[in-house]
Protein chains: 2
Amino acid sequence: MDFIKPYIQIIEERLSQLNFPDEPENLYSPIKYSLSVGGKRIRPALTLISAELFGSTIEQAVPAALGVEIFHNFTLIHDDIMDEAPLRRKQPTVSAKWGRDIAILSGDVMMIMAYQQFQHYSGDKLSLLFSLFNKTAVEVCEGQQMDMNFETQRNVTVDEYIKMITLKTSVLLAASLQMGAIVANASAQNQEAIYAFGKNLGIAFQLQDDLLDTFGSEDDFGKKIGGDILARKKTFLFLKAFENATGEEKKLLEEAYFSYKKPNPDLVKQIFKSTAADKLCREEIEFYLKKSLDSMNNINVSHPNIELLKNLSEQLIHRTV
Amino acid sequence: MDFIKPYIQIIEERLSQLNFPDEPENLYSPIKYSLSVGGKRIRPALTLISAELFGSTIEQAVPAALGVEIFHNFTLIHDDIMDEAPLRRKQPTVSAKWGRDIAILSGDVMMIMAYQQFQHYSGDKLSLLFSLFNKTAVEVCEGQQMDMNFETQRNVTVDEYIKMITLKTSVLLAASLQMGAIVANASAQNQEAIYAFGKNLGIAFQLQDDLLDTFGSEDDFGKKIGGDILARKKTFLFLKAFENATGEEKKLLEEAYFSYKKPNPDLVKQIFKSTAADKLCREEIEFYLKKSLDSMNNINVSHPNIELLKNLSEQLIHRTV
């Protein structure tokens, strides 16, 4: 994914140039920390690539890209409070480092700072970006609430799961791309097409992430394999396996997910395979990847970034990491 | 304050007409609850009064007014998590009723919903409202952080205290008024004047609130008297008393605020009086009230709402409740 590096470099540079007030020091330090700890910067890079694709300069799209990235990092800070997560990107989370209250408040300020980036726009462009950002931000929160609800909800359907990951993960990816298109004054049809590309890609990406969490290689994935199973996450793999399992297998899955017994990842993985949940998951990934690539055909401009985005999605999906 | 009632009624009516998605139910119920539990609705009423003053219809200012009120209630939800407050307006707080995680997330959504109200505006009006709202929102969070910091900060100056209440309380009052002026296309000078009116009024109002918390009558004030002392709040009264106290009194104040001994409110009240902190606080209130009324003279339009706002501020400050 070398071609994406120049875009990411712009984002890193501009993030590092953001100005923060000095005081209150313990309100702004966590924000600087959160933005400096890293992350793939995929979303803001997509905004820049999309803006360029539709004929804008990269520069014009930078504030929107930063807004998306700051918002994404705000959601991580608040999610980490809810999950009581000690680490994020191998570094202490804001809540672990500064405590709950500062994590809440510096997260709040980050959300506002994300909005502030859009002050760089005016007129119709501001209106369009603002509405899309508001809609997307609400959806991301809804997705997070659904995800939390699933933890205690006995019956979750595959459709509900797809809806949850769509809201929690995909719509922000989709909005990142559409924002680039808005900045470039792309037509409504093109905006819709690039949004659909991002949304379906996001779903495929999250399903792939679930698959790697269970069947990936620890070295490549960078996280402990089987984490989702140990956390009893109701992923596509589990939901499909539970749907298809019968007899002893069903009982074992029930025990692993709904009893006090600690799940045995190896056993659960076996059941995921014997019920063909892994195969179905791969098919589902290909289904959304295809939908995603198909939407690209509805874009009626020609620009090298189209091929670039297609390659990117293939690579993201067929990654081992 | 009968004249303000019709404005408040419009706000109540329009708040009750807000549409919320059905799902996730436990994300939106706390928001509906928070907005239905009441509150004085002073801020949004000020937006309407100000818009009318500068020649706009009330209707045009309703979305901005609702935005301000929704934002204010969002801050209360997050503040109540940080304070671990069981009650607000004599009802269970969102965090007490639904728990920390839902309080964080429904608060986040409320902040976004506050922003969504501004989608009703476009062009320059949107730009101006949006920038003012962003700036104010950040300031409110900074004020909350300062307030939290004061709890463990040994040395707090009176100036720092005034800065804290300005950010935490006054700027939103000031912005509420300026937003009405923006909606009405008021001149920059008039916008500035009405903002200054609100800012100084807000400071006077908060100082009056502190005074009533210690010297008010429980029946009138509706809260337990002496709460600030028991919570060792470093209010203007304490800071002035501590500045002026010597010898035995200084020692007693130190014991009450910085030792493990529970403060004795009656004793502390006596010291507030003997050090003239109560008198100085009253003078400070009058100082800011006068500043506030003076700013009104910089408004170069004539409308009955000017007298109305002046009366309102006199009444708010010389209230016993």
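Residues numbered from 1 in each chain as written. Chains lettered and ligands numbered in written order. Predicted model: local features only at pLDDT ≥ 70, side-chain atom pairs only at ≥ 80, totals over all residues. Heavy atoms only, no water.

Asks: In this structure, what is going on with the overall build of chain A? I would like to understand it.
Replies: When helices and strands are counted, chain A shows 16 helices and two strands. Taken over the C-alpha trace, chain A has a radius of gyration of 20 Å; the compact-globule value for 321 residues is 20 Å, and the two agree within 12%. Projecting the C-alpha coordinates of chain A onto the three principal axes gives extents of approximately 60 × 50 × 35 Å. Accessible surface, chain A: about 13400 Å² in total, of which carbon and sulfur atoms supply 49%. For chain A, the separation between the mean place of its 35 positive charges and that of its 43 negative charges on side chains is 3 Å. (Helix = DSSP H or I, 4+ residues; strand = E, 2+ residues; numbered from the N terminus. Rg over C-alpha atoms; globule rule 2.2 N^0.38 Å. Areas by Shrake-Rupley, 256 points an atom, 1.4 Å probe, with all protein chains shown as cover. Lys, Arg positive; Asp, Glu negative; His and termini not counted. Charge placed at Lys NZ, Arg CZ, Asp CG, Glu CD.)

Asks: Just to check I follow, could you spell out the interface of chain A and chain B for this structure?
Replies: Buried accessible area, meaning the area lost when the parts come together, often serves as the stated size of an interface. With 42 residues of chain A in contact, the opposing surface of chain B contributes 42 residues. Summing both partners gives a buried area of about 3600 Å² for chain A against chain B, and 67% of it is carried by carbon and sulfur. Run the count over chain A and chain B and you get two salt bridges. When contributions to the side of chain A that touches chain B are tallied by element, the ones reaching two or more residues are α2 (25-36), α4 (58-83), α6 (100-117) and α7 (123-152) of chain A. (Contact = heavy atoms within 4.5 Å. Buried area = accessible area lost by both parts, 1.4 Å probe. Salt bridge = Lys/Arg side-chain N within 4 Å of Asp/Glu carboxyl O.)

Asks: Could you clarify how one ought to interpret the domain arrangement of chain A in this entry?
Replies: Residue and element names in this part refer to chain A. Each assigned domain of chain A is listed with its residue range as follows: domain 1 (1-185) and domain 2 (187-320). For domain 1 versus domain 2, the distance between C-alpha centres works out to 22 Å. With 39 residues of domain 1 at the interface, the matching set in domain 2 holds 37 residues. For the pair domain 1 and domain 2, the two sides together bury roughly 3100 Å², of which 70% comes from carbon and sulfur. Two residues, R154 and E254, come together in a salt bridge whose shortest N-O distance is 3.1 Å. In this structure, the connection of domain 1 to domain 2 is made through 13 residue pairs in polar contact (both at pLDDT 80 or more). Elements supplying a minimum of two residues to the side of domain 1 that touches domain 2: α3 (42-53), α7 and α8 (158-183). In terms of residue count, the dominant contributor to the side of domain 1 that touches domain 2 is α8 (15 residues). Considering only residue class, the side of domain 1 that touches domain 2 consists of 22 nonpolar, nine polar and eight charged. (Domains from an automatic or database assignment. Polar contact = N/O pair within 3.5 Å; in protein donor to acceptor, adjacent residues only side chain to side chain. Nonpolar A, V, L, I, M, F, W, Y, C, P; charged D, E, K, R; others polar.)

Asks: What is the right way to look at the packing of α6 of chain A against helix α7 (residues 123-152) of chain B in this model?
Replies: The description of two helices packed together rests on the angle between their axes and the distance between the axes. Two numbers describe how α6 of chain A lies on α7 of chain B: the axes approach to 9 Å, and their chain directions differ by 165 degrees. Comparing the axis directions of α6 of chain A and α7 of chain B gives the class roughly antiparallel. In the crossing of α6 of chain A with α7 of chain B, the sense of the turn from one axis to the other is left-handed. For the pair α6 of chain A and α7 of chain B, the contacting residues are D101, I102, L105, D108, V109, I112, Y115 and Q116 of chain A in the first and F130, N134, K135, A137, V138, C141, Q144, Q145 and M148 of chain B in the second. (Axes fitted to C-alpha atoms, helices over the stretch in contact; angles between N-to-C directions. Parallel < 35°, antiparallel > 145°, perpendicular 65-115°, else oblique. Left-handed = near helix turned anticlockwise from the far one by under 90°.)

Asks: What should I look at first to understand helix α6 (residues 100-117) of chain B in this one?
Replies: The periodicity of an α-helix, 3.6 residues per turn, causes residues three or four places apart in sequence to face the same way. For α6 of chain B, with 18 residues, the first-to-last C-alpha span of 26 Å sits near the 26 Å given by 1.5 Å per residue. By the criterion of burial, α6 of chain B is predominantly enclosed, with 16 of the 18 residues buried. (Expected span 1.5 Å × (residues − 1). Buried < 20%, exposed > 50% of the residue type's maximum accessible area, 1.4 Å probe, protein only.)

Asks: When you look at the packing of aromatic side chains in this model, what are you seeing that I'm missing?
Replies: Aromatic ring pairs are defined here through the distance separating the ring centres and the angle between the ring planes. All names here are of chain B. Applying the stated criterion to the full structure yields 30 aromatic pairs over all chains. Seen in terms of ring centroids, Y115 and F133 are 4.8 Å apart; in terms of plane orientation they differ by 80 degrees. Their pairing is edge-to-face. Placement of the pair is Y115 in helix α6 and F133 in helix α7, with a sequence separation of 18 residues. For Y115, a relative accessible area of 0% translates into the label buried. (Phe/Tyr/Trp six-rings, centres within 6.5 Å; stacked < 30°, edge-to-face > 60°.)

Asks: Hey, could you run me through the state of the cysteines in this one?
Replies: Disulfides are covalent bonds that connect the sulfur atoms of two cysteines. Enumeration over the complete set of coordinates arrives at zero disulfides over all chains. Looking at C141 of chain B, it has no disulfide partner, and the nearest cysteine sulfur is the one in C141 of chain A, 15 Å off. The exposure class assigned to C141 of chain B is buried, which follows from its relative accessible area of 3%. (Disulfide = S-S within 2.5 Å.)

Asks: What should I look at first to understand the pattern of salt bridges in this one?
Replies: When the charged atoms of two side chains with opposite charge come close together, those side chains can pair. With the rule as written, the count across this model stands at 34 salt bridges over all chains. In this structure, R14 of chain B engages E59 of chain B in a salt bridge whose closest nitrogen and oxygen atoms are separated by 2.9 Å. With a gap of 45 residues between them, R14 of chain B in helix α1 (residues 5-16) and E59 of chain B in helix α4 (residues 58-83) connect regions that are remote in the sequence. Owing to a relative accessible area of 46%, E59 of chain B belongs among the partly exposed residues under this scheme. When salt bridges with common partners are traced through the structure, they connect E12, R41 and E69 of chain A into a single cluster.

Asks: Mind showing me how you'd approach the packing of α3 of chain A against α8 of chain A here?
Replies: Residues and elements named next belong to chain A. Between α3 and α8, the least distance of the axes is 7 Å, while the angle of their chain directions is 30 degrees. Viewed along their axes, α3 and α8 adopt a mutual orientation that is roughly parallel. Note on packing geometry: the crossing formed by α3 with α8 is right-handed. For the pair formed by α3 and α8, the contact residues are I42, R43, L46, T47, S50 and A51 on the first element and L172, L173, S176, L177, M179, G180 and A181 on the second.

Asks: What should I look at first to understand the relation of the copies chain A and chain B in this one?
Replies: What relates the two chain copies is a rotation about an axis together with a slide along it. Screw-axis analysis of chain A against chain B gives a translation of 0.0 Å along the axis, an RMSD of 0.0 Å, and a rotation angle of 180 degrees. Those values place the two copies in the arrangement expected of a two-fold rotation axis. When C-alpha positions in chain A are compared against the rotation axis, the closest is assigned to G123 of chain A, at 2.2 Å. Interface residue correspondence from chain A to chain B reaches 100%, placing this contact among same-surface, isologous pairings. (Least-squares fit on C-alpha atoms with pLDDT ≥ 70 in both.)

Asks: Can you walk me through helix α12 (residues 236-244) of chain A in this structure?
Replies: Residues and elements named next belong to chain A. With seven of its nine residues buried, α12 lies for the most part within the structure. Residues F236, L237, F238, L239, K240, A241 and F242 constitute the buried set of α12. On its buried side, α12 packs onto α8, α9 (188-215), α13 (247-258), α14 (265-274) and α15 (277-296).

Asks: Just to check I follow, could you spell out the side chain of Q208 of chain B for this structure?
Replies: Take Q208 of chain B: it is sitting in helix α9 (residues 188-215). Separated by 2.6 Å, the side chain of Q208 of chain B and the backbone oxygen of I317 of chain B make a polar contact.

Asks: Explanation requested: unusual backbone geometry in the structure shown.
Replies: What is expected of a backbone is that most residues other than glycine have negative phi and most peptide bonds are trans. For the bond running from E23 of chain A to P24 of chain A, omega is -10 degrees, close enough to zero to count as cis. Tracing the backbone shows P24 of chain A in the loop between α1 (5-16) and α2. Backbone geometry places N185 of chain B, a non-glycine residue, at a positive phi of 55 degrees. Structurally, the position occupied by N185 of chain B is in the loop between α8 (158-183) and α9.

Asks: Can you walk me through the environment of E218 of chain A in this structure?
Replies: Residues and elements named next belong to chain A. Positionally, E218 belongs in helix α10 (residues 218-221). With a relative accessible area of 40%, E218 lands in the partly exposed category. In contact with E218, not counting residues within four places along its chain, are K223, K224 and I225.

Asks: Honestly, the environment of L207 of chain B in this entry has me stumped. Any pointers?
Replies: Residues and elements named next belong to chain B. Within the secondary structure layout, L207 lies in helix α9. Classification of L207 as buried rests on a relative accessible area of 0%. In this structure, L207 is in contact with Y161, I162, I165, F236, C281, E284, I285 and Y288, ignoring residues within four places of it in sequence.

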